[in-house]
Amino acid sequence: MKHIRLSLYFFAALVGLSSCMDSSDNKDVEKIAENETAIEAVIKTDSMSEKAVKDSSGLYYIKRTANPAGIAAKTGDAATIKYTGYLLNGTKVVSSTVDSKTEFTFPVEGYVYWGGIERGIFLMKTGEKATFFLPYYLASGNADKVNIPAYSPIRLEVEFIKTRTEVQQIDDFIAAKKFVVSERTADNIVIVKTNTVTGDTIGPAKSVSVKYTGKLLDDTKFDSGTASFITGNGNTISGFDRAIRKLKKTEKAIIIFPSSLGYGKNGSGTILPYAPLQFEVEVQ
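Residues numbered from 1 in each chain as written. Predicted model: local features only at pLDDT ≥ 70, side-chain atom pairs only at ≥ 80, totals over all residues. Heavy atoms only, no water.

Looking at an unreviewed UniProt entry, one finds the protein chain named Peptidyl-prolyl cis-trans isomerase, with Dyadobacter sandarakinus as its source organism. Word for word, the UniProt comment on the protein chain under Sequence similarities (unreviewed entry) is "Belongs to the FKBP-type PPIase family." In its Catalytic activity (unreviewed entry) section, the UniProt entry covering the protein chain states "[protein]-peptidylproline (omega=180) = [protein]-peptidylproline (omega=0)". (UniProt positions renumbered as here; feature names shortened; annotations may be inferred.)

Below is the structure:
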């Protein structure tokens, strides 16, 4: 929110990797050709090599399990995959299995961890499995990254688990928390009141002070504090402002809204693009 300082939290993507490249290195073009030769050599040894396809980005893929009835990801969805990545010599270098998690969820066309992962998801439907061969510029780039040498092509084994729109994510969250919804607008501002207060709602053009804790829908906290502002004057993100106007003095609630009423397709700081948000609020 404008005028509300966002405390940074660490977004736990895979440690030490980057999709960025330093284009100043004159080896880049040469290594693209080397990657292509190496990938094609590995594909020739695959029992399903006849199904290999190369797309316009230089990514090669083999669809292992097809599911024509599956759902394709759309921009802004949260896509969930399982994956394991290997160097072409078979050395395992990355995996979606981190701590107690086995899946990786990311906003489609919003957060590119490796360009090849996001490009690949558009070639799949839910329930499908595929092998992707990523040239270095779609993987970890032209610099050494922990256990991945510079310019390394990667073989990525991917299973597309599910894709959820923001509305579906909000509905899943409400169901999992067993919330009783007090009010829901047509554009999916959800208010769950946690105490009972009489009197008039705040409404527009009112000076208000709100104690809040901001979280993602996985309950990761990104900020907390007290915000003082005049409702309706554009000093806070739209979803927050509009929800507060519907509350009363001393009322407590959990408010939830999609990214179109928050930080949208660009995100903000460590809040990723297309992220629905929840706030625990108390109007003071």
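## Side note on the overall build of the protein chain
The number of helices and strands found in the protein chain is 4 helices and 13 strands. The burial tally for the protein chain puts 46% of its 284 residues in the buried class. Counted over contacts in the protein chain with a minimum sequence separation of 6, partners at least 24 positions apart contribute 69%. Carbon and sulfur atoms provide 51% of the accessible area of the protein chain, an area that totals close to 13900 Å². (Helix = DSSP H or I, 4+ residues; strand = E, 2+ residues; numbered from the N terminus. Buried < 20%, exposed > 50% of the residue type's maximum accessible area, 1.4 Å probe, protein only. Contact = heavy atoms within 4.5 Å. Areas by Shrake-Rupley, 256 points an atom, 1.4 Å probe, with all protein chains shown as cover.)

## Quick look at the pattern of salt bridges
Inspection of every chain in the model, using the stated rule, returns 14 salt bridges. Of the charged contacts in the structure, one is a salt bridge between Asp-46 and Arg-64, with a shortest N-O distance of 2.6 Å. Taken together, the positions of Asp-46 in the loop between helix H1 (28-44) and strand E1 (53-54) and Arg-64 in strand E2 (residues 60-65) put the pair 18 residues apart, joining distant regions of the chain. Residues Asp-172 and Arg-164 are paired through a salt bridge, measuring 2.9 Å at the closest nitrogen-oxygen approach. With relative accessibility at 34%, the residue Asp-172 sits in the partly exposed group. (Salt bridge = Lys/Arg side-chain N within 4 Å of Asp/Glu carboxyl O.)

## Some words on the confidence of the model for the protein chain
Keep in mind that low pLDDT regions are not for reading the predicted coordinates in detail. Model confidence for the protein chain is summarised by a mean pLDDT of 90, while 90% of its residues fall at 70 or above. Low pLDDT, under 50, characterises residues 1-23; the stretch is placed with 71 contacts to residues that sit more than four places away or in other chains. (pLDDT = per-residue confidence, 0-100.)

## Comments concerning the packing of aromatic side chains
Overall, the coordinates contain 12 aromatic pairs when judged by the stated rule. Residues Tyr-61 and Phe-132 carry aromatic rings whose centres are separated by 6.1 Å and whose planes lie at 35 degrees to one another, so their mutual orientation is tilted. Highlighted residues: Tyr-61 in strand E2 and Phe-132 in strand E6 (residues 129-134), separated in sequence by 71 residues. There is no split in this pair, since Tyr-61 and Phe-132 are both buried. Consider the rings of Tyr-212 and Phe-240, whose centres lie 6.1 Å apart with planes at 80 degrees: the pair is edge-to-face. You can see Tyr-212 sitting in strand E10 (residues 207-216) and its partner Phe-240 sitting in helix H4 (residues 238-245), a full 28 residues away along the chain. Here Phe-240 falls in the buried class, since its relative accessible area comes to 0%. (Phe/Tyr/Trp six-rings, centres within 6.5 Å; stacked < 30°, edge-to-face > 60°.)

## Some remarks on the pairing of strand E3 (residues 78-87)
Of all 10 residues in E3, 9 are buried; the element is thus mostly enclosed. As paired elements, E3 and strand E7 (residues 154-164) share 10 bridges and run antiparallel to each other. Within E7, the position partnered with Thr-84 by the bridge is Glu-157. As judged from the 3 bridges shared by E3 and strand E4 (residues 92-95), these two strands associate in the antiparallel manner. By the bridge assignment, Tyr-86 is partnered in E4 with Lys-92. (Pairing = 2+ DSSP bridges.)

## Re the pairing of strand E12 (residues 252-257)
In terms of burial, E12 is largely enclosed, as 5 of its 6 residues are buried. When strand E9 (residues 190-193) meets E12, the two strands line up antiparallel, connected through 4 bridges. Of the residues in E12, the one forming a bridge with Lys-193 is Ala-253. One ladder, built from 6 bridges, connects E12 with strand E13 (residues 277-283); its direction is antiparallel. Note that in E13 the partner of Ala-253 across the bridge is Val-281.

## Structural notes on the environment of Lys-265
Counting through the fold element by element, Lys-265 comes out in the loop between E12 and E13. Taking relative accessible area as the criterion, Lys-265 reaches 56% and is therefore assigned exposed. Put simply, Lys-265 and Pro-107 are 158 residues apart on the chain and 9.4 Å apart in space, counted from C-alpha to C-alpha. Apart from residues lying up to four places away in sequence, Lys-265 is in contact with Pro-273 and Tyr-274.

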